[in-house]
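Fold and contact review
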Amino acid sequence: MPSTPALDAFDLAILDILQRDNTTPQRAIAQAVHLSAPAVQRRIQRLAQTGVIRANVAVIDPEKVGLPLTIMVEVHLENERPDRTAPLRARIATEAAVQQCYCVTGEADYLLVVTVASMADYEALTRRLFEGDDNVRRFRTSVSLGCLKAGLQVPLGMGQGGVA
C-alpha cells in the first residue's frame with residue numbers, strides 16, 4: 001500500500017462529510033467543499049488507495065440483529081513474544097464476535113470488545129479463544145450495561161497541526 005498522503009484542507013473536508021454519511025453524492029460533496037465533482041472523485045479514490053479510507057460500510061445496531069450483549073474482555077498473557085501470541089492473535093482475527101481488539105499498556109495485554117446474543121454464546125466464545133492456550137494467564141470480563149457513546153468518526157484536524 002502506498003504511503004499516506006499529506007492531507008490538505010480539501011481532503012479533510014471531504015473526509016469529514018464522508019465519515020458522517022458516505023452515501024453523500026460526490027456532486028453534493030463538491031459543492032460543499034468548493035471543488036469540481038471530478039476533483040472530489042479523484043481525491044476520494046486516492047484516499048481509498050492509500051488506506052486513509054479503510055472501508056465503506058453500513059454501521060449496524062447489534063441489538064436490532066439479535067446481538068444485545070457488548071462485553072469488554074481484558075486478556076492477560078504469560079509471555080508477549082510474537083511466537084507465543086501468534087496463535088491467539090490468529091483466533092481473534094478470525095472470530096466474528098470480536099468487534100475490536102487492542103494491544104494495550106497496563107496490566108492487561110489485549111482489550112477486546114465483543115458482541116454476542118447471550119452469555120452462553122460468550123462462554124462458547126471464551127472457550128474458542130482461550131481454552132487450551134497456556135499463554136493466556138487469565139481474562140477478565142466486563143458486561144456493558146448501556147452505551148453512552150459509540151462512534152466511528154475520527155476527529156479531523158488533530159495531528160494535522162489544527163484543532164478539531
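Note that the structure is predicted; figures quoted are calculated from it, not measured. For every chain, the first residue of the written sequence is number 1, and numbering continues from 1 onward in sequence order. Reporting in this predicted model follows two pLDDT cut-offs: at least 70 for local features of residues, and 80 or more for side-chain atom pairs to be given and counted; totals over whole chains, interfaces and linings ignore these cut-offs and use all residues. Values reported for side chains reflect all heavy atoms of the structure, with hydrogen atoms and water molecules removed beforehand.

Another aspect to go through is the pattern of salt bridges. Pairing of side chains with opposite charge becomes possible as their charged atoms draw close. Basic side-chain nitrogens of Lys or Arg form a salt bridge, by our definition, when they fall within 4 Å of a carboxyl oxygen of Asp or Glu. Taken as a whole and judged by the stated rule, the model has 11 salt bridges. Among the ionic pairs, Asp-133 bridges to Arg-91, the shortest N-O distance being 2.6 Å. Residue Asp-133 is found in the loop between helix 5 (119-130) and strand 4 (136-143), and its partner Arg-91 is found in helix 4 (residues 82-94); the two are separated by 42 residues along the sequence. Exposure classes here rest on a 1.4 Å probe applied to the protein chains alone. A residue is buried below 20% of its type maximum, exposed above 50%, and partly exposed in between. Given the relative accessible area of 12%, Asp-133 is considered buried. Exposure remark for Arg-91: the relative accessible area of 23% places this residue in the partly exposed category. Numbering of helices and strands runs from the N terminus, with a helix taken as a DSSP run of H or I at least four residues long and a strand as a DSSP run of E at least two residues long.

What follows is about the layout of surface pockets. Method remark: on a 1 Å grid restricted to protein atoms, a set of points is classed as a cavity if a 1.4 Å probe fits but cannot get out and as a pocket if it is open with protein on both sides within 12 Å along at least five of seven lines; lining residues have an atom within 4 Å of a point. Grid points are joined across faces, edges and corners, and a volume is the space filled by probe spheres set on the points. Each pocket or cavity is described by its volume, and for the largest pocket that value is around 2,000 Å³. Considering the residues around the largest pocket, the lining is formed by 46 residues, among which Val-59, Gln-100, Ala-150, Gly-151 and Leu-152 are closest to the centre. When residues of the lining of the largest pocket are traced back to their parent elements, those giving at least two are helix 1 (9-20), strand 1 (69-77), strand 2 (98-103) and strand 3 (110-116). For the lining of the largest pocket, the element with the highest residue contribution is helix 1, accounting for five residues. Throughout, the ten residues Ala, Val, Leu, Ile, Met, Phe, Trp, Tyr, Cys and Pro are labelled nonpolar, Asp, Glu, Lys and Arg are labelled charged, and all others, Gly among them, are labelled polar. For the lining of the largest pocket, the class distribution of residues is 27 nonpolar, 13 polar and six charged.

Expected span, for any helix, means 1.5 Å times one less than how many residues it has. With 13 residues, helix 4 ought to run about 18 Å at 1.5 Å a step, and its terminal C-alpha atoms sit 18 Å apart, in line with that. Bend angle per residue: angle between axes fitted to the 7 residues ending at that residue and the 7 residues starting there. Leu-88 marks where helix 4 bends most, by close to 25°. Listed as buried for helix 4 are Thr-85, Leu-88 and Ile-92. In this fold, the buried residues of helix 4 make contact with strand 1, strand 2, strand 3, helix 5 and strand 4. We call two residues in contact whenever any of their non-hydrogen atoms come within 4.5 Å of each other.

Before going further, it helps to examine the pairing of strand 2. Pairing between two strands requires that DSSP report at least two bridges joining them. Where strand 2 lies against strand 3, five bridges are found, and the strand directions are antiparallel. Along strand 3, the bridge assignment pairs Tyr-102 with Leu-111. Connecting strand 2 to the antiparallel partner strand 3 that follows it, the hairpin turn spans six residues, and Gly-106 within it adopts a positive phi of roughly 100°.

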